[in-house]
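Each chain, letter by letter, is given below.
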Amino acid sequence: MPAPINPNDFPHRSPIYRIHQGLGANFTALDDQRAVVADYGDAGVEKAAVAQLALADLTLLARGGFKGKGCSEFVQQAGTYFPGFNNTALLMSKGGLIARLSNAEVMTVAPHIKAEADISALRDVWQARRDAGDQHIAYLAPRDLTHGCFSLSGEHAATMMAKICAVDLRDHVFGNLDVAQTLAACTSMVVIRCDIGKTLRLLLLFDIAQTEYFWGIIIDAMGEFSGKPVGTNAVI
Amino acid sequence: MVKRARLPGALLIDQKQPITFTFEGKTYQGYAGDTIASALAGAGQWVLSRSFKYHRPRGILTMAGQDSNTLVQLLGMPNVLADKTLITDGLQVEAQNYTGSLMNDKEAEISKVARFLPVGFYYRAFFRPKGIRNRIWEPIIRAKAGLGKVDTRHRGGYYDKAYGHYDVVVAGGGLAGMSAAISAAQHGASVLLVDENPILGGAMNYARADIKGKRLRARCAQLRQTIAESANITVMTDTVCNAWYVDHWLAVIKGCRLHKVRAKQFILAAGSLEQPAIFHNNDLPGVMMGSAAQRLMNLYGILPGKNAVVLTGNDDGYGVALELREAGAQVQIIEMRDLALAQATLHDGCVAAGLRIHYGSAIYAAKADRNMHHINGVEFGKIAGKGTIAKEHQQISCDLICMSVGYTPTYQLALQAGGKLGYDDDTAIFSIENLPKGFHLAGSLNGVFATDDVQADGQRAAAQALDGLEITHSLAADFLPVMVQVNHPWPIFEHPDDKNFVDFDEDLMVKDIRNAVKEGYNELELVKRFSTVGMGPSQGRHAALNAARLVAEATDRQVRDVGVTTARPPFSRETLGVMGGRVFSPERLTPMHHRHAELGGHAMRVGAWWRPGHYGVGVDRVAEINSEVRNVRENVGLIDVSTLGGLEILGADAAQFLNRVYTFAYLKQPIGRARYLLMTNEAGTVIDDGVACRMAEDRFYITATSSGVDRVCRQMLWLNAQWHMDINIINVTAAYGGMNLAGPNARKVLQKLVSDEVDISAEGFPYMGLREFQVAGIPAIVFRVGFVGELGYEIHVPATAAEYVWDQVLAVGQEFGIQPFGLETQRVLRLEKGHFIVGQDTDAMSTAEEINMTWAITQKKPFFIGKRSIELRNRALSKRKKVGFRLPSGITSMPQESNLVLKNNKMTGFISSVWLSPTLNAVIGFAYCAREDAQIGNHITIKCDDGTLHQAEIISPHFYDPDNARQKL
């Protein structure tokens, strides 16, 4: 039986890896740099929780962003659609999200591990063109570093979010792949709806320095709905 | 323990679940679903409180949480409504506002001197002779004021808030509200239906519209079932819509949660509030609204009296009488109207039941036992004219008087929205007009009382709401309701012994209102302020109409001309906990936060951040700080600077942008070099500083103060919204974990963490140089700065890897004596070096000239923010100047930051930084002093906290290593 994976053995760590350890998390290595929570013990229970109310820490998964002149052109030339409207998102081929925050800014997010390929591919294209001297392809925005990322899923997710956020995130109002740039629990936040199958799921992106604060807020808010923390395996 | 049988079929209680609680130390038993008041009534305890002024016994009046008679004290919570608060096992309830005991209140004697306490007496008392108010009256008034006791040690429950969004919100879950909700929902609208009671139905749950009393119950059950099956109706019971704000923003309170609800359309169907009649002793236990008696019987199974008198001025009183009769009471009816006006079905039912009806009569006085704990009879007579009763009186022995003489609409939310209340003095019917768009009324609140009409009125309101939502429907938009007169025009009868109460909260009698008018307060708003009518906990719910009638009569006007007092939010009481909700206090943690705790760091809050001030066991803070200072000076230290603001300025105009925003020059700043940043505002005042690292021609990574970076970022975004320069600004403060490796051994430590190809020698990586290379295998931005006055490397790495790098640096630094140091230590180090801190050594007026930073201002630039102001301020320099000072070691009284600098005993400045330097063995500091004194070698006078005066010598502020040799190593 292989030794359990310790996130301390990897250089990149979620700001709340100690909380995960305290909850008895089982970690899985993404590469030699990162280990994320696979589950907290009972994967079956976590799968079921995802449909009710579940919180997963995706902070260590790949993200990125492009900002500035040439942003939309670059994205489209790279073979990806540029979302047609601000505050909407599109899915890339492997499940990565590209969310349009303004006319000249997008954020890319991997909502699950396999989708990381989309994020890195787009970044590689940018780097190659930049290295080739192309100055008109916007700038990298290090959203993997500036933002923490949680997945909040389940039928109670929107109702729970109503306790901390003024934006109406209910199913029939905030559609799949809609984006909201808002405040939740006095914290600036980007909310992207990215359903898991037919289950409503919200990706919450916030100041990475507030990851521990915000985890506590959501765990508290989930209490009345019996929400549970789940690992990344449950939100694929 | 007192236990009495309940009536069968009570809607809200479960007689299989007994619950035990105490009231005034005595144990009582009620049932699950009982309120405190119903459980006490069920046990025969009718006195619940004492009145505010005369300490008269008071009991159930409305049984609807709409009066102050039932305010009681719970542990840690005063002024709880006993007729709304459910009992729980072990609940301890106390009465309020008495001296001695509730049943024997010593202060009730005050009633005997009532004539010396006329309305508004306090405006004329308590302040003469001069000085008596504070010494004599204030302690007495404070002791008498208020009702319950606040336990400041009590920890409240869990309060929070939630947002809600609905097409239609319906406030009031009675027949009209349920009808409106169903009609709106059936056409696709999302509906929130709010009701303050535990179950939907409103008056249908207790009132009677037909002789057999089954019609309303059956209709209610049918509507409840429809609502339960409706997917788009959200029902909140035990919930009050407490305020209306513009655009239908509604404060909806359920328990400990405030729902902040946005409604596209709002339907107010909150019903009506039954009003009291006014007669002698109309306030005593045993006198209650007819609807209160119906609630007690039908909701809680309690017979409120065995011998009842129903005083009625409308047809509803007959329903009350029938309920009482069926429950086993002996009932007589005193009908204020003539026989010709009382021909409704329910009247016929009473006649058929053999109840005795005294037409055209009114109550002259209620009789009570010696202690006035409960009424025991009624004295009544024929109405001889408006407000007068013929001299021939009759007596009835009774233990219950029910008043059914009229209603006022529950108009508060409508009036909050700007609605105007109308009143027809001829028909005694209310109306509400001038409502904002999207605000609709339904039911009795809208002047519709007949059962079928009420339901139709709910549908009509829904139709209007659907119109507002632009939803097609086939509902009737209008109909003509049957006119029902529910208000007797003058249910007020004077008595020579007064005690005929208009306002139960404030103990105001008929004569008080009349006297207020005689005093010259001839408008209701003025009467309110002078007499306090309507200013108690009930907020005039049962006083406003009768007070308006009395003012109208006294001023020879109509009630419609007098109007009612202004209604403002909230509609009913709300706790501070509900208003506060859950407090969100965002905290920001650096990636190394938990390492600091493990290393013994003493955390201090810096804005939203937590930072270690210093490390150690904490026995001697100063010694621990000084130890860290010495280690940086002699070996090497490591400080977490992740909180330092970080901004990326990207774009072709990046250098030009910085040139405009900061005072220094950046156009020619070489790539790979760092340069100091000083920011001034439009007034030329220093507001921030940092370092600009030029990473590429079009890319700067700049730092800002920890507490100032968000403001700096906002300012930059705002400026560029006007300038339209080709730049992008990204706040990357939290993206990087920063650490400053400082001390003579810093290079040796860093060398162990970088590859051999990286040249970090003094020549290859000089002071203010900037490099990007891997540290411990992690890509890093590294620049050489000298904030603490030693050889130093500021290392910025991705936040997710910062803890790892921190660990690696500490590990390899062991052989060189590395120790972490904290923020307080850094402040000492930079003071020794002579570096100022924005916000600590500057204030809202500090100019670069005052703080000796003119070297950081480039005069050649045509423009930067604050340039013009600096030029103007330099023409007429301020009267102060920042200086460095020194005191000899060994002084017994240590100066503190903010201590004053005096000259001829007048303040000329203050200390901004001070410490007994472990490196220089002297007390050094920065201070503002009079400009004319700011010469090296002069002395300034510093006044310590204990009054000690020190003569401080002004010296160069570059206390340590003035040639900068150590930081350039």
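Bear in mind that the values here come from a model prediction, so they are computed numbers and not experimental data.

Caption draft 1: Up close: unusual backbone geometry. Residues and elements named next belong to chain B. Across the junction of P569 and P570, the peptide omega takes the value 0°, indicating a cis bond. Among the secondary structure elements, P570 is positioned in the loop between α14 (559–562) and α15 (576–580). Although it is not a glycine, K499 sits at a positive phi angle of roughly 50°. Along the chain, K499 falls in the loop between α10 (451–469) and β27 (501–503).

Caption draft 2: Inspection of the sheet that holds strand β3 (residues 54–57) of chain A at higher detail. Residues and elements named next belong to chain A. Read from one edge to the other, the open sheet built from six strands follows the order β10-β11-β12-β9-β3-β13, with strand pairing classed as mixed. Bordering the open sheet on either side are β10 (179–184) and β13 (228–229), each of which pairs with just one other strand. Here strand β9 (residues 147–153) runs beside strand β12 (residues 201–207); their pairing, made up of seven bridges, is antiparallel. Bridge pairing in β12 places L152 opposite L202.

Caption draft 3: View of empty space enclosed by the protein. For the coordinates displayed, the defined rule picks out 12 cavities of 30 Å³ or more. Approximately 250 Å³ is the volume attributed to the largest cavity. As for the largest cavity, its lining consists of 21 residues, of which P15 of chain A together with L589, T590, P591 and A799 of chain B are closest to the centre. Among the elements of the structure, α1 (17–22) and α7 (211–222) of chain A together with α16 (593–598) and α21 (799–813) of chain B are those that each provide at least two residues to the lining of the largest cavity. Broken down by element, the residue count for the lining of the largest cavity peaks at three residues, all from α21 of chain B. Within the lining of the largest cavity, the residues separate by chemical class into 10 nonpolar, seven polar and four charged.

Caption draft 4: Spatial organisation of the domain arrangement of chain A. All names here are of chain A. Entries for chain A in the domain assignment read domain 1 (7–60 + 147–235) and domain 2 (63–143). With centres defined by C-alpha atoms, the gap from domain 1 to domain 2 works out at 23 Å. By the criterion of area lost to domain 2, the three top residues of domain 1 are H147, L177 and V179, representing 34% of everything that side buries. At the boundary of domain 1 with domain 2, the tally comes to one salt bridge. Between R34 and E116 there is a salt bridge, and its shortest N-O distance comes to 2.6 Å. The interface formed by domain 1 and domain 2 contains nine residue pairs in polar contact (both at pLDDT 80 or more). Contributing elements (two or more residues each) for the side of domain 1 that touches domain 2: β9, β10, β11 (187–193) and β12.

Caption draft 5: Just the packing of aromatic side chains, in detail. Residue and element names in this part refer to chain B. Throughout the structure, instances matching the rule amount to 24 aromatic pairs over all chains. Taking the centre distance of 4.7 Å and the plane angle of 55° together, the rings of Y423 and F430 count as tilted. There is no split in this pair, since Y423 and F430 are both buried. With 6.2 Å between their ring centres and 90° between their planes, F765 and F773 make a pair best called edge-to-face. A relative accessible area of 0% places F765 in the buried class. Grouping aromatic residues by their ring pairs yields a cluster made of Y662, F664, Y666, Y676 and W855. Between the NZ or CZ atom of R660 and the centre of the ring of W723, over which it lies, the distance is 4.9 Å. We note R880 situated over the ring of Y928; from NZ or CZ to the ring centre the distance is 4.2 Å.

About the criteria used
Residues numbered from 1 in each chain as written. Chains lettered and ligands numbered in written order. Predicted model: local features only at pLDDT ≥ 70, side-chain atom pairs only at ≥ 80, totals over all residues. Heavy atoms only, no water. Helix = DSSP H or I, 4+ residues; strand = E, 2+ residues; numbered from the N terminus. Pairing = 2+ DSSP bridges. 1 Å grid on protein atoms, 1.4 Å probe; cavity = no way out; pocket = protein on both sides within 12 Å on 5 of 7 lines; lining within 4 Å. Points joined across faces, edges and corners; volume = space filled by probe spheres on them. Nonpolar A, V, L, I, M, F, W, Y, C, P; charged D, E, K, R; others polar. Domains from an automatic or database assignment. Buried area = accessible area lost by both parts, 1.4 Å probe. Salt bridge = Lys/Arg side-chain N within 4 Å of Asp/Glu carboxyl O. Polar contact = N/O pair within 3.5 Å; in protein donor to acceptor, adjacent residues only side chain to side chain. Phe/Tyr/Trp six-rings, centres within 6.5 Å; stacked < 30°, edge-to-face > 60°. Buried < 20%, exposed > 50% of the residue type's maximum accessible area, 1.4 Å probe, protein only. Lys NZ or Arg CZ within 6 Å of the ring centre and 35° of its normal.

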